[in-house]
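# Tertiary structure, described
One letter stands for each residue in the lines below.
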Amino acid sequence: MNDRQPTLSPFASKVKTDSSRYERNQKTMVELVAQVRNQEEVIRQGGGEKAIAAQHKKGRLTARQRISLLIDPGTEFFELSSFAAWGMYGEWGGAPSAGVVTGLGRVQGRLVMLIVNDATVKAGAFFPMTAKKVIRAQNIAIDNRIPTIYLVDSAGVFLPLQEDVFPDSDDFGRIFRNNAVMSAMGIPQIAAIMGMCVAGGAYLPVMCDRILMTEGSGLFIAGPALAQAAIGVKYSAEELGGAKMHSQISGTVDFREPDDESCLARIRLLVDKMGSRQLGVFDRKPAEAPLFPTEEIYGIFDGDPARQYDMKEIIARIVDGSHFSEYKAEYGETVLCCYARIGGFAVGIVANQKIHVQQTDHNGNKRIEFGGVVYPESAEKAARFIMDCNQNLVPLIFLHDVNGFMVGRDAEWNGIIRAGAKMVNAVSNSVVPKITVIIGGSFGAGHYAMCGKAYDPRFVFAWPTAKYSVMSGASAAGTLVEIKIKQLERGGKKLSEEDKKKLFDEVKATYDEQMDPRYGAARLWIDKIIDPAETREAIITALEAAALNPDVPKFSVGVLQT
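Quick look at the structure, then. (Residues numbered from 1 in each chain as written. Predicted model: local features only at pLDDT ≥ 70, side-chain atom pairs only at ≥ 80, totals over all residues. Heavy atoms only, no water.)

## Examining the nonpolar core
By size, the foremost hydrophobic cluster in this structure holds 75 residues, and its most contacted members are Ile-315, Ile-342 and Ile-349. The element contributing the most residues to this core is helix α4 (residues 128-144), with 7 residues. If we ignore the near neighbours within four places in the chain, the residues touching Ile-342 are Ile-318, Val-319, Asp-320, Val-347, Ile-349, Ile-397, Arg-536, Ile-539, Ile-540 and Leu-543. Counting 27 residues, the second largest nonpolar core, distinct from the first, contains Val-350, Phe-385, Ile-386 and Ala-449. (Core = buried A, V, L, I, M, F, W, Y, C linked by side-chain atoms within 4.5 Å. Buried < 20%, exposed > 50% of the residue type's maximum accessible area, 1.4 Å probe, protein only. Helix = DSSP H or I, 4+ residues; strand = E, 2+ residues; numbered from the N terminus. Contact = heavy atoms within 4.5 Å.)

Structure, rendered in structure tokens:
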């Protein structure tokens, strides 16, 4: 095959042949994307108009205004975890975006992680998900060696929920531990105190490399009221922990700035003087746009599990030049493995193929393999491909639309558990950057084998169509209802068909709610819900972040079942 020619499925340039289906899919996706965007817009309002006005009255900018001034003009802020705490803490009035804004931005041309308290949400207090969101951002910075900037404006721990914020390994204290670890690893950290910074939270900026503080801000272990209660002496906030005191007397801060604008300008000057470490060892060439419009993904993808679509059509609209080289193209076809470039980066792609295919088994018998299901052959192929990418320092992209592993006698006799274990082993021990995109279903052990959150992907993205859990809502409801019916029958009670249907609908509704990507994003299982048409850009940003870390450990898979 001529390496300059794109490898495409037969109808890549004719995706609108079935126009009614294409238009239906497109309409569904447009509506879902609009719904997510509208909800994100509400989340960006933080604590609302009154809280924003109160922040401005103090002479301070909001979190998002600060970010807008800090990042390079004309560049976009790649926000992460915007749905954190979505639908949670209703009894306390909610905590939009968990009261902290995190994401990647360009400052003086350099990619940095931004962690910015939103003081319009409960004065920037730390809810349980606030701490976990900050830790997730720090972990991304650690894994990818990303310089990190903290804009601090927080009242500290949200006391009514202190038991869920304070003590555990993924709670408040872990943030300061990460500050120390990042410093030891040589990851630059700059902290600007632009409001309140009290109690244990005061350690965060002081454990960073450079500290800035604006006039009118406060930095203290105990504020005036607590200090008076503890030692019986009354101090003003300025005397106890103001910018002038910390600049002239304690020597804690490096730069005292009159206001937010000058503080942000100073940070830009500091970043401008930072040196650059060796970039990653992953191959990159000049990028090439796909041959086909990315917006066509809307019509190609079909979220109906009963319908088929060709995953190659999706890949053709993400990769450079729409060119990919398929690995073992005629074997284990329900998992698609291929080499390609995205944004110039060489990548290996592992994706679930949703087309049913005919296969011949080892006895010469023909059978139909269902799209989206992982069979022994496809698991073994994927395991071998993942190992090959690690051997050759090729980052891995996982595209999920998986129903799970095949079940039944034939699958068990063919060693589905053994083959699946190989794939899970290869994913678990993979040392190259892994980026996961959940585009459709991601169920059961298929979620694990395709590099779910537990398998340390550098980033987890999801389309608005993503759904994942142990099994689908209908399957789970059917199983749970059957168990419930048997329990009731053992107690002498018999349900009518109407009661059975009502019970089924209730269980399915609960399951469907928990499969929604916003539910997962609220709990930080997902880093970002993305517009399918922006999948390529999201992956490129993730790869650019991953390239900042040049250290790749030795690859070893340990014992494999053969």
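Alright, that's what it looks like, and here's the rest.
## Looking at the pattern of salt bridges
A complete count under the given rule lists 35 salt bridges for this structure. Its salt-bridge partner being Lys-132, residue Asp-171 comes within 3.1 Å of it at the nearest N-O pair. Placement of the pair is Asp-171 in the loop between β4 (148-154) and α5 (172-184) and Lys-132 in helix α4, with a sequence separation of 39 residues. Residue classification places Lys-132 among the partly exposed positions, given a relative accessible area of 23%. For the salt bridge of Arg-317 with Glu-313, the shortest nitrogen-to-oxygen distance reads 3.4 Å. Judged by its relative accessible area of 0%, Arg-317 falls in the buried class. Accessibility expressed as a relative area gives 7% for Glu-313, which makes it buried. Connected via shared salt-bridge partners are Glu-40, Glu-41, Arg-44, Arg-64 and Glu-79. (Salt bridge = Lys/Arg side-chain N within 4 Å of Asp/Glu carboxyl O.)

## Some points on the pairing of strand β3 (residues 110-117)
Along β3, 8 of the 8 residues are buried, which leaves the element largely enclosed by surrounding structure. Neither face of β3 is left uncovered, since the one carrying Arg-110, Val-112, Leu-114 and Val-116 and the one carrying Leu-111, Met-113, Ile-115 and Asn-117 both have all their residues buried. Bridge count for strand β2 (residues 100-107) against β3 is 8 bridges, and the pairing is antiparallel. In the strand pairing of β3, Val-107 is matched with Arg-110. By the bridge criterion, 4 bridges tie β3 to β4 in an arrangement that is parallel. Opposite Val-116, over in β4, you have Leu-151 as the bridge partner. In this fold, β3 hands off to α4, which returns the chain to β4; that crossover is right-handed. (Pairing = 2+ DSSP bridges. Right-handed = clockwise from strand over helix to strand, strands pointing away.)

## Here we look at the environment of Pro-395
Tracing the chain through its elements places Pro-395 in the loop between α13 (376-391) and β15 (396-402). Note on Pro-395: relative accessible area 3%, which makes it buried. Measuring from C-alpha to C-alpha, the distance between Pro-395 and Arg-210 comes to 33 Å, with 185 residues separating the pair along the chain.

## Re the side chain of Asn-390
With respect to the helices, strands and loops of the structure, Asn-390 is situated in helix α13. For Asn-390, the side chain forms a polar contact with the main-chain nitrogen of Val-432, separated by 3.3 Å. In this structure Asn-390 touches Leu-396, Ser-430, Val-431, Val-432 and Phe-555, once residues within four positions along its chain are discounted. (Polar contact = N/O pair within 3.5 Å; in protein donor to acceptor, adjacent residues only side chain to side chain.)

## Considerations on the packing of aromatic side chains
Working definition: an aromatic ring pair is given by the centre-to-centre distance plus the angle between the planes. For the structure on display, the rule yields 17 aromatic pairs. A ring pair is formed by Trp-92 and Phe-158, whose centres lie 5.4 Å apart and whose planes are at 80 degrees; its orientation type is edge-to-face. Remark: Phe-158 occurs in the loop between β4 and α5 and Trp-92 occurs in the loop between β1 (78-80) and β2; sequence separation between them is 66 residues. Residue classification places Trp-92 among the partly exposed residues on the basis of a relative accessible area of 33%. Overall, the relative accessible area of 11% leaves Phe-158 in the buried class. Taking the centre distance of 6.4 Å and the plane angle of 55 degrees together, the rings of Phe-176 and Tyr-203 count as tilted. Remark: Tyr-203 occurs in helix α6 (residues 203-206) and Phe-176 occurs in helix α5; sequence separation between them is 27 residues. (Phe/Tyr/Trp six-rings, centres within 6.5 Å; stacked < 30°, edge-to-face > 60°.)

## Digging into the packing of α13 against helix α15 (residues 416-429)
Helix-helix packing: each pair is described by the crossing angle between the helix axes and the interaxial distance. At their nearest, the axes of α13 and α15 sit 8 Å apart, and the two run at 20 degrees to each other. On the basis of their axis angle, the class for α13 and α15 is roughly parallel. Regarding α13 and α15, the two cross each other, and that crossing is left-handed. Here Pro-376, Ala-379, Glu-380, Ala-382, Ala-383, Ile-386 and Met-387 of α13 lie close against α15, whose contacting residues are Ile-416, Ala-419, Gly-420, Lys-422, Met-423, Ala-426 and Val-427. Split by residue class, the contact of α13 with α15 holds 11 nonpolar, 1 polar and 2 charged. (Axes fitted to C-alpha atoms, helices over the stretch in contact; angles between N-to-C directions. Parallel < 35°, antiparallel > 145°, perpendicular 65-115°, else oblique. Left-handed = near helix turned anticlockwise from the far one by under 90°. Nonpolar A, V, L, I, M, F, W, Y, C, P; charged D, E, K, R; others polar.)

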